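Below are the chains, spelled out letter by letter.
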Amino acid sequence: SHYMDELVQKHPDKYRFAFRNFPLPRDDHKWSSLAAEAAEAAGAQGKFWEMHDHLFAHQTDMENAKFSAEDFTLFAQAYGLDAARFKKAMLDGAYAARVQDDKDAGSRCGVMMTPTIFFISPTQVWRFAGVKELQPALEDPTHPMWK
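Residues numbered from 1 in each chain as written. Predicted model: local features only at pLDDT ≥ 70, side-chain atom pairs only at ≥ 80, totals over all residues. Heavy atoms only, no water.

A.B. asks: Explain the packing of helix α2 (residues 32-43) against helix α7 (residues 96-108) to me, please; I cannot follow it from the model alone.
C.D. replies: When two helices pack together, you describe them by how their axes are tilted relative to each other and by the distance separating the axes. Contact geometry of α2 with α7 gives a least axis separation of 9 Å together with a crossing angle of 115 degrees. Along this stretch, α2 crosses α7, giving a crossing that reads as right-handed. Packed against α2, whose contacting residues are Ser33, Ala36, Glu37 and Glu40, the element α7 presents Ala96, Arg98 and Val99 at the interface. Residue composition of the contact of α2 with α7, grouped by class: three nonpolar, one polar and three charged. (Axes fitted to C-alpha atoms, helices over the stretch in contact; angles between N-to-C directions. Helix = DSSP H or I, 4+ residues; strand = E, 2+ residues; numbered from the N terminus. Left-handed = near helix turned anticlockwise from the far one by under 90°. Contact = heavy atoms within 4.5 Å. Nonpolar A, V, L, I, M, F, W, Y, C, P; charged D, E, K, R; others polar.)

A.B. asks: I tried to follow the nonpolar core on my own but got confused; where do I start?
C.D. replies: A general trend in soluble globular proteins is that nonpolar side chains are found buried together. Met51, Leu55, Met62, Phe72 and Phe86 are the most contacted members of the largest nonpolar core, which has 19 residues in total. Counting residues per element, this core draws most heavily on α2, which supplies five residues. Setting aside anything within four residues of it in sequence, one finds Leu55 in contact with Ala35, Ala38, Ala39, Met62, Phe72 and Phe75. Core analysis: the second largest hydrophobic core is formed by 12 residues, Met4, Tyr15, Phe128 and Val131 among them. (Core = buried A, V, L, I, M, F, W, Y, C linked by side-chain atoms within 4.5 Å. Buried < 20%, exposed > 50% of the residue type's maximum accessible area, 1.4 Å probe, protein only.)

A.B. asks: Sorry, what's going on with the environment of Phe67 here?
C.D. replies: As for its position among the elements, Phe67 is in the loop between α4 (59-63) and α5 (70-78). Looking at Phe67, the relative accessible area reads 8%, which means it is buried. Separated by 35 residues in the primary sequence, Phe67 and Ser32 have C-alpha atoms spaced 13 Å apart. Once you skip the residues sitting within four places of it in the chain, Phe67 turns out to touch Trp31, Asp61, Met62, Phe72 and Phe75.

A.B. asks: Got a minute to help me understand α5 in this structure?
C.D. replies: Considered for burial, the residues of α5 that qualify are Asp71, Phe72, Thr73, Phe75 and Ala76. Buried-residue contacts for α5 involve α2, α3 (48-57), α4 and α6 (83-92). Once α5 finishes, Gly80 follows within two positions and takes phi at roughly 70 degrees, a positive value.

Function cannot be inferred from these measures alone, as they are strictly geometric.
So this is what it looks like as structure tokens:
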């Protein structure tokens, strides 16, 4: 999220941001796992966040019945990626295990929705369901996570 980007940029000595994939169930989000793989494949060419943001901005495109796996390659081409390399990574499932490992780790930590944000203080791990829960806690100097 842009809020998280701003937070880390303003306080690089205080906050670090680590992203993990957590594709939602295929029943509701048919392309979520392949979308996560597409972001990772784009990341191999230095364009993870560009693809990530593009995918989120175009979720309705993926809900269209005419959307296909080939459309991920079109997204990659729009960002000037090596389309052949990207397509091969997608066809080979080069990042499927990585995405699944992220999802499994998230499940073990109690993740049930996206985004879920973990704030790790020196004494405890706090889990927030989205930026709407996290932002007030970060802005409240009396919140217990600061102790």
